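Overview (structure and organization)
This is what each chain is made of:
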Amino acid sequence: MSSSPQVSNAAVRVRFAPSPTGWLHIGGVRTALFNYLFAKKQGGKFLLRIEDTDTDRSEQKYTDDILSSLKWLGMEAEEPLLYQSHRNKIYHEIANSLISQGLAYRCYCTEAEVEATREQMMKEGKKPMYARTCRERVDAVTGRTSFAIRAKFPLSGLTRFTDMIRGEITFPNEDLDDFVLIRSNGVPTYNFVVVIDDIEMKISHVIRGDDHINNTPKQVFLYEALNAKQPLFAHLPMILGQDKKKLSKRNGETSTNAYRSEGYLPEALLNFLVRLGWSHGDQELFTSDEMIALFDLEHVQVSGAVFNTEKLLWIQGEHMRKADPKRLLEIVKTDFAGKLSTTSLERLNSAMGLELITFVQQKVKLVKELAEQLHPLCEKGVMTVDASTLKWNKDEVLKNKIKDAIRSLIAELKPAAKEPSQSLGAYGYDHVKVDTLLRALCEKHGIKLGDFTGPMRLFVTGQATSAIGLFDLLSILSWDVIEARLEACLKS
RNA sequence: GUCCCCAUCGUCUAGAGGCCUAGGACACUGCCUUUUCAAGGCAGUAACCAGAGUUCGAAUCUCUGUGGGGACGCCA
């Protein structure tokens, strides 16, 4: 995504902070996008942090995927990435300092004990929480060496913060837990490190999914405990599946690379995503520059949005038609080479290939479909086709008339193509001329144009449905290929 | 269960008290165009969760109810 010149506002710093425990989630992309757009619009910076504190589930391949997908989408970090796994020492120092200030404490309870009280409270109809057994403990428990570190969260009062999208949100402190800062295995938790790192990175605006609203009071407590200035919070509505529940693998495709391999263009995916929870009047279609110029938090929706694949496909089609054919050619070559043969790929690189793309991109929506359409058109030989559905199978007389007409057509075109490997377009047979010629032949042989073109289209395009008209094909494809395919048609 | 958030066509949304007999888009239906159609053009169906209040006036403000979602982890 390119960025138009904006006023520089160095104070605006936002981040996208995924955890590398899965492929880049499409909902994560929307979060990243809103952060990115906000930063670009304000002239601030977009940063990236890898939240890999969950050592069991974090994997390098997922980090690689997140980075390559973001690059594909044109949203790259403007400062070096921060990896939480590299900052363990700092987290421990801060935790210990909180203990010495009386803002955190060591908890010697085992996970099983904590789990037991949680279940008990649930049964009693209370909010499941830690029983605060170790909160006022002064010494270590005899016989136990392993401990977690917990926040000493206030027992009463209110914690509030202002959300830029929803206004003031208030939580009674008594409903909040003494959450864990450092696990007994020494690994710090999300709620703890997110605050430390946002302070370290000088994040001014935390823009994230609204599933984090409930985490915010815990984090507000930590900002105060660490004596740091709170960032401004903006909680985005969730992206929902068709079942109106949080989008997950169960109710829709969530990995970004899946959309790429389906043949979606990055700008189309972003355009679709930006309209999920944000609007600018009646405008549906945005270029990447327009998104940056128009984006604002004021028009972000508060309620969840269902991920609508049909609309995504429509937006994709709109962007496909506007895309630069040269760029589409490159995408076909890098992402969809497998849809073509060595020969068709080679011939696609010619002027003919580019001309075909300009036609096919008007009809087809996905780049994958573009590649599939292009293959038989660029192949040199005769394609195997299923002629059983042709109308002429039911009418022997018609079939002969059509074949006669095709013979006449070959007889007329063959001498015209002085160099058979050239296209007839090179000899003046453009769309209009082909049109006139075919209509004249139909009249002469007493057949309908539709009946005439049916079998020809099947054999020339090599497929049942073609995104490009026969008249155009006859002038674009090289004559030797057309002739061979028409001959095959005569033999069928 | 407890806490938090939310509530306009099937879906994405416009809407900041009168401009709303609620607008746009996707999808759907019909028609047109046409050399196939998967493109294009035109038209149509379709919504303010309910009830009270505030007001001359409410989709817009308040309250209650209902419904939905999210969070309640030594996941992030």
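Here the structure is a predicted model, which is why all the values come from computation and not from measurement.

**Description of the protein's contact with RNA strand B**
- Taken together, 67 residues are adjacent to RNA strand B, and Arg118, Gly125, Arg183, Arg321 and Arg457 come closest.
- Interatomic distance of 2.6 Å between a side-chain N/O atom of Lys245 and a phosphate oxygen of RNA strand B.
- Interatomic distance of 3.3 Å between a backbone N/O atom of Leu470 and a base oxygen of RNA strand B.
- At five residues, the largest contribution of residues to the surface near RNA strand B is made by helix α10 (residues 309–322).
- A breakdown of the residues in the surface near RNA strand B according to their chemical character gives 18 nonpolar, 23 polar and 26 charged.

**What about empty space enclosed by the protein?**
- Across all of its chains, the model carries one cavity of 30 Å³ or more by this definition.
- There is about 30 Å³ of room inside the largest cavity.
- Taken together, Trp72, Arg260, Tyr264, Leu265, Pro266, Ile331, Asp335 and Phe336 make up the full set of residues lining the largest cavity.
- Taken together, the residues that form the lining of the largest cavity break down as six nonpolar, no polar and two charged.

**Remarks on the confidence of the model for chain A**
- Looking at chain A as a whole, the pLDDT averages 93, with 98% of positions reaching at least 70.
- Across residues 2–6, confidence stays below pLDDT 50; counting only partners more than four residues off in sequence or on other chains, it has eleven contacts.
- In the model output, the complex is listed with pTM 0.94 alongside ipTM 0.96.

Parameters at a glance
- Residues numbered from 1 in each chain as written.
- Chains lettered and ligands numbered in written order.
- Predicted model: local features only at pLDDT ≥ 70, side-chain atom pairs only at ≥ 80, totals over all residues.
- Heavy atoms only, no water.
- Near = heavy atom within 4 Å.
- Polar contact = N/O pair within 3.5 Å; in protein donor to acceptor, adjacent residues only side chain to side chain.
- Helix = DSSP H or I, 4+ residues; strand = E, 2+ residues; numbered from the N terminus.
- Nonpolar A, V, L, I, M, F, W, Y, C, P; charged D, E, K, R; others polar.
- 1 Å grid on protein atoms, 1.4 Å probe; cavity = no way out; pocket = protein on both sides within 12 Å on 5 of 7 lines; lining within 4 Å.
- Points joined across faces, edges and corners; volume = space filled by probe spheres on them.
- pLDDT = per-residue confidence, 0-100.
- Contact = heavy atoms within 4.5 Å.

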